[in-house]
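Okay, here's what each chain looks like letter by letter:
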Amino acid sequence: MRSDHPVLLLSGELDPVTPPRYGEDVLRHLPNGRHLVLRGQGHNVMVAGCAPRLMGRFVATANARNLDAGCLEQLAPPPPFTGAYGWDP
(Lines give C-alpha, C1' and ligand atoms only; values in the text may rest on other atoms or scores of the structure.)
Protein backbone atom coordinates (compact mmCIF):
# COMPACT_ATOMS: atom_id res chain seq x y z
CA MET A 1 0.00 0.00 0.00
CA ARG A 2 1.19 3.51 -0.81
CA SER A 3 -0.28 6.77 0.40
CA ASP A 4 0.60 10.46 0.69
CA HIS A 5 -1.75 10.86 3.66
CA PRO A 6 -0.20 11.62 7.04
CA VAL A 7 0.22 8.44 9.08
CA LEU A 8 1.45 7.81 12.62
CA LEU A 9 2.72 4.30 13.35
CA LEU A 10 3.34 3.12 16.91
CA SER A 11 5.29 0.00 17.84
CA GLY A 12 6.49 -1.51 21.07
CA GLU A 13 10.18 -2.35 21.03
CA LEU A 14 9.49 -5.78 22.57
CA ASP A 15 6.25 -6.60 20.75
CA PRO A 16 6.32 -10.27 19.71
CA VAL A 17 3.05 -9.99 17.74
CA THR A 18 3.75 -6.98 15.51
CA PRO A 19 7.46 -6.17 15.94
CA PRO A 20 8.85 -2.76 14.98
CA ARG A 21 10.30 -4.14 11.73
CA TYR A 22 6.73 -4.47 10.44
CA GLY A 23 6.19 -0.75 10.99
CA GLU A 24 9.46 0.04 9.22
CA ASP A 25 8.33 -2.03 6.23
CA VAL A 26 5.03 -0.13 6.05
CA LEU A 27 6.70 3.25 6.53
CA ARG A 28 8.75 2.84 3.36
CA HIS A 29 5.56 3.41 1.36
CA LEU A 30 4.28 6.37 3.39
CA PRO A 31 6.25 9.54 2.60
CA ASN A 32 4.23 11.55 5.13
CA GLY A 33 4.44 8.88 7.80
CA ARG A 34 6.34 8.58 11.03
CA HIS A 35 7.10 5.47 13.06
CA LEU A 36 7.58 5.80 16.80
CA VAL A 37 9.05 2.79 18.59
CA LEU A 38 8.31 2.84 22.30
CA ARG A 39 11.38 1.58 24.15
CA GLY A 40 10.82 -1.28 26.57
CA GLN A 41 7.14 -1.68 25.61
CA GLY A 42 5.24 -4.68 24.32
CA HIS A 43 2.10 -4.93 22.22
CA ASN A 44 -0.30 -2.44 23.84
CA VAL A 45 1.44 0.90 23.32
CA MET A 46 -1.59 3.11 22.69
CA VAL A 47 -2.02 3.73 26.43
CA ALA A 48 1.66 3.91 27.40
CA GLY A 49 2.91 7.16 28.92
CA CYS A 50 2.33 10.14 26.65
CA ALA A 51 1.29 8.07 23.60
CA PRO A 52 -2.40 9.04 23.99
CA ARG A 53 -1.46 12.73 23.99
CA LEU A 54 0.74 12.27 20.91
CA MET A 55 -2.05 10.47 19.08
CA GLY A 56 -4.48 13.25 20.00
CA ARG A 57 -2.08 15.89 18.71
CA PHE A 58 -1.60 13.93 15.50
CA VAL A 59 -5.36 13.70 14.94
CA ALA A 60 -5.73 17.43 15.63
CA THR A 61 -2.88 18.52 13.33
CA ALA A 62 -2.56 15.66 10.80
CA ASN A 63 1.20 16.16 11.02
CA ALA A 64 3.26 13.27 12.38
CA ARG A 65 6.63 14.77 11.49
CA ASN A 66 6.25 17.77 13.81
CA LEU A 67 5.23 15.77 16.89
CA ASP A 68 7.54 16.28 19.84
CA ALA A 69 7.95 12.66 20.91
CA GLY A 70 10.68 13.34 23.47
CA CYS A 71 8.28 12.38 26.24
CA LEU A 72 8.53 8.75 25.09
CA GLU A 73 12.13 8.63 26.34
CA GLN A 74 10.78 8.73 29.90
CA LEU A 75 8.77 5.51 29.58
CA ALA A 76 9.62 2.81 32.08
CA PRO A 77 9.26 -0.82 31.07
CA PRO A 78 6.03 -2.43 32.28
CA PRO A 79 6.34 -4.98 35.09
CA PRO A 80 7.03 -8.54 33.96
CA PHE A 81 4.21 -11.01 33.66
CA THR A 82 4.16 -13.42 36.59
CA GLY A 83 0.91 -15.17 35.74
CA ALA A 84 -1.21 -16.13 32.78
CA TYR A 85 -3.03 -12.78 32.77
CA GLY A 86 -0.28 -10.32 33.65
CA TRP A 87 1.43 -9.28 36.83
CA ASP A 88 0.06 -10.14 40.24
CA PRO A 89 -1.07 -7.21 42.39
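Residues numbered from 1 in each chain as written. Predicted model: local features only at pLDDT ≥ 70, side-chain atom pairs only at ≥ 80, totals over all residues. Heavy atoms only, no water.

Draft legend 1. Spotlight on helix α2 (residues 51-61). What α2 keeps buried is the set Ala51, Leu54, Met55 and Phe58. Projected down its long axis, α2 shows its buried positions confined to an angular sector of 100°, all on one face. Structurally, α2 contributes buried residues whose contacts are with β1 (7-12) and β2 (33-38). Immediately downstream of α2, the backbone of Ala62 shows phi near 55°, a positive value. (Buried < 20%, exposed > 50% of the residue type's maximum accessible area, 1.4 Å probe, protein only. Helix = DSSP H or I, 4+ residues; strand = E, 2+ residues; numbered from the N terminus. Arc of directions from axis to C-beta. Contact = heavy atoms within 4.5 Å.)

Draft legend 2. How the structure looks around the nonpolar core. The biggest cluster of nonpolar side chains holds 16 residues, and the ones touching the most others in it are Leu8, Leu36, Leu38, Leu54 and Leu72. Mapped onto this core, the elements with two or more residues apiece are β2 and α2. Among the elements that make up this core, the one with the highest residue count is α2 (4 residues). Beyond its immediate chain neighbours, meaning those up to four positions away, Leu36 contacts Leu8, Leu9, Leu10, Ser11, Leu54, Ala69 and Leu72. (Core = buried A, V, L, I, M, F, W, Y, C linked by side-chain atoms within 4.5 Å.)

Draft legend 3. Focus on the state of the cysteines. Inspection of every chain in the model, using the stated rule, returns 1 disulfide. The partner cysteine of Cys50 in its disulfide is Cys71, sulfur to sulfur 1.9 Å. Disulfide Cys50 to Cys71: torsion about the S-S bond roughly 85°, handedness right-handed. On the criterion of sequence distance, the pair formed by Cys50 in the loop between β2 and α2 and Cys71 in the segment after α2 is long-range, its members being 21 residues apart. Residues Cys50 and Cys71 agree in their burial class; the two are buried. (Disulfide = S-S within 2.5 Å.)

Draft legend 4. Geometry of unusual backbone geometry. For Ala62, which is not glycine, the phi torsion reads 55° and is therefore positive. With respect to the secondary-structure elements, Ala62 resides in the segment after α2. Residue Ala62 is classed as partly exposed on the basis of its relative accessible area, which comes to 44%.

Draft legend 5. Broad picture of the pairing of β1. With 6 bridges connecting them, β1 and β2 associate as parallel partners. Within β2, the residue paired with Gly12 across the bridge is Leu38. Note on the crossover from β1 through helix α1 (residues 20-27) to β2: the handedness is right-handed. (Pairing = 2+ DSSP bridges. Right-handed = clockwise from strand over helix to strand, strands pointing away.)

Draft legend 6. How the structure looks around the environment of Gln41. Within the element layout of this structure, Gln41 appears in the loop between β2 and α2. Once residues within four sequence positions are removed from consideration, Gln41 is found in contact with Gly12, Glu13, Leu14, Asp15, Ala48, Leu75, Ala76, Pro77 and Pro78.

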